[in-house]
Every structure is written in structure tokens, then in C-alpha cells.
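The residues making up each chain are set out below.
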Amino acid sequence: NAGVTQTPKFQVLKTGQSMTLQCAQDMNHEYMSWYRQDPGMGLRLIHYSVGAGITDQGEVPNGYNVSRSTTEDFPLRLLSAAPSQTSVYFCASRLRQGVDNQPQHFGDGTRLSIL
Amino acid sequence: KNQVEQSPQSLIILEGKNCTLQCNYTVSPFSNLRWYKQDTGRGPVSLTIMTFSENTKSNGRYTATLDADTKQSSLHITASQLSDSASYICVVSALGGGADGLTFGKGTHLIIQP
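Residues numbered from 1 in each chain as written. Chains lettered and ligands numbered in written order. Predicted model: local features only at pLDDT ≥ 70, side-chain atom pairs only at ≥ 80, totals over all residues. Heavy atoms only, no water.

Draft legend 1. Examining the environment of L79 of chain A more closely. Residues and elements named next belong to chain A. Inspection of the secondary structure puts L79 in the loop between β8 (76–78) and β9 (87–94). Between the C-alpha atom of L79 and that of G107, which follows or precedes it by 28 residues, the distance is 22 Å. In this view, L79 contacts Q17, S18, G63 and N65; residues no more than four positions away in its chain are not counted. (Helix = DSSP H or I, 4+ residues; strand = E, 2+ residues; numbered from the N terminus. Contact = heavy atoms within 4.5 Å.)

See below:
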């Protein structure tokens, strides 16, 4: 039981490049989400999904795309990397939306630098 | 706008001492309050979740309290250990809140010195 697995752990990109951050969970959780964590700020929601085939925007969605073709996987795509997207990205999952007393399970993050 | 404020920003204490971290929130309507521990280079890990009707919850040496009337919570760490060095994040959930309904604090960075 691995929980939430994120790859890669580190990545350096040049401005304008695209890439996909991978996230997989093996807990059969319906709800998955992506956050970014920047120095001096709380985690901010980028996109989330309440189940396979359903995604929606969070607080800071611009420049990112997501898809949810399976319950297990929730990749985050950077379309054209910008220096402002340098951050640590966390994927999280929980049983389902609306079950408020369930904890979120986080991956260990992807540290992304855009030059 | 929903907000979560944590204090202090950072704290250094000696191993074996106790400490208390604070969280004030203006989230409405309130659903629950969570404390997470985030080790350096790792993702946050849940410590406690408290609903409106709970005013204390413990997890080992960690004890969280909640005063829903004053919209304040605290996390008390007893007999600190070096492994307690981490950031502690307070998260408040809004009932029926849009998106994931969660508002994150900026965290308190705790350093335990031997």
C-alpha cells in the first residue's frame, strides 16, 4: 500500500517547455487534487477531481491542465512553463468529496524549477 | 474571504520541553479543523481532525483544542523530540465550500534543539 505516489521528485525546465507531473493513488479514493506550495504562502488548490472523468478548477488553475481517465491516476500538465510556476507541487487524495471528517493523503511532492 | 492565521511563524525550543502553536480562523460555515505535520521535503501528514462539537483531540504527544465560539485552535506538543522538528499546518474546512472547501494556514516552523 504505497498511498499517493508522485513522479518525478525533482525537475528543471526551461521557459516554454511543457511537462506532465504524475500522481497515482492505490487507496481507491474518488477525490484527488493538486496544490502548489510557495514560500510564505499556504497550499493553493490548482485543480481537483471528484471522480474518473470529472475535473474542475481550483484557486490558481491558469497554465495547468488535468485529466482523470482512471480512479488511480491524476496527472498535471504544464502547457508552457513560466518562471512563476517554480514551486513545489503536491498531489492529494481523500475518500470522496462531502465526507468531511476524512483526512487528505498527500504525496511527497515534485520540486519544479523553471529557468 | 476565508482566512487561517497561524502563530508564531517559527519557534525554537529545547528537546523535552512543551510548546503550543496557535491557529485563528475566519471560515464560514465551519465544518472541521485539521492539523497536519510536514517534515522537510515531504508531504503533509494528518495529525488530528476536529468537528464543531469536539473541543479536544489527541494523537500521542500531540493534543489539539478547538474553541468554535472564538474561532481559535491550538496544537500542544508534550515532551518534544528531535523528530518533532517540522512545519505544522492548520487547515479549516468550510461546510459545502466550493472546490475542496479547504483554507490552509501558512504553517508554523518548529525546530527542536538537542
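Draft legend 2. Spatial organisation of the nonpolar core. The biggest cluster of nonpolar side chains holds 25 residues, and the ones touching the most others in it are Y25, L33, W35, L75, Y88 and V92 of chain B. Among the secondary structure elements, those contributing two or more residues to this core are β3 (19–26), β4 (30–38), β5 (45–51), β7 (62–67), β8 (72–77), β9 (86–94) and β11 (108–113) of chain B. Ranked by the residues each element gives to this core, the list is headed by β9 of chain B, at five residues. In contact with V92 of chain B, not counting residues within four places along its chain, are V4, Y25, V27, F30, N32, L33, G101, L102 and T103 of chain B. L21, W34, F74 and C91 of chain A belong to the second largest nonpolar core, which has 19 residues in total. (Core = buried A, V, L, I, M, F, W, Y, C linked by side-chain atoms within 4.5 Å. Buried < 20%, exposed > 50% of the residue type's maximum accessible area, 1.4 Å probe, protein only.)

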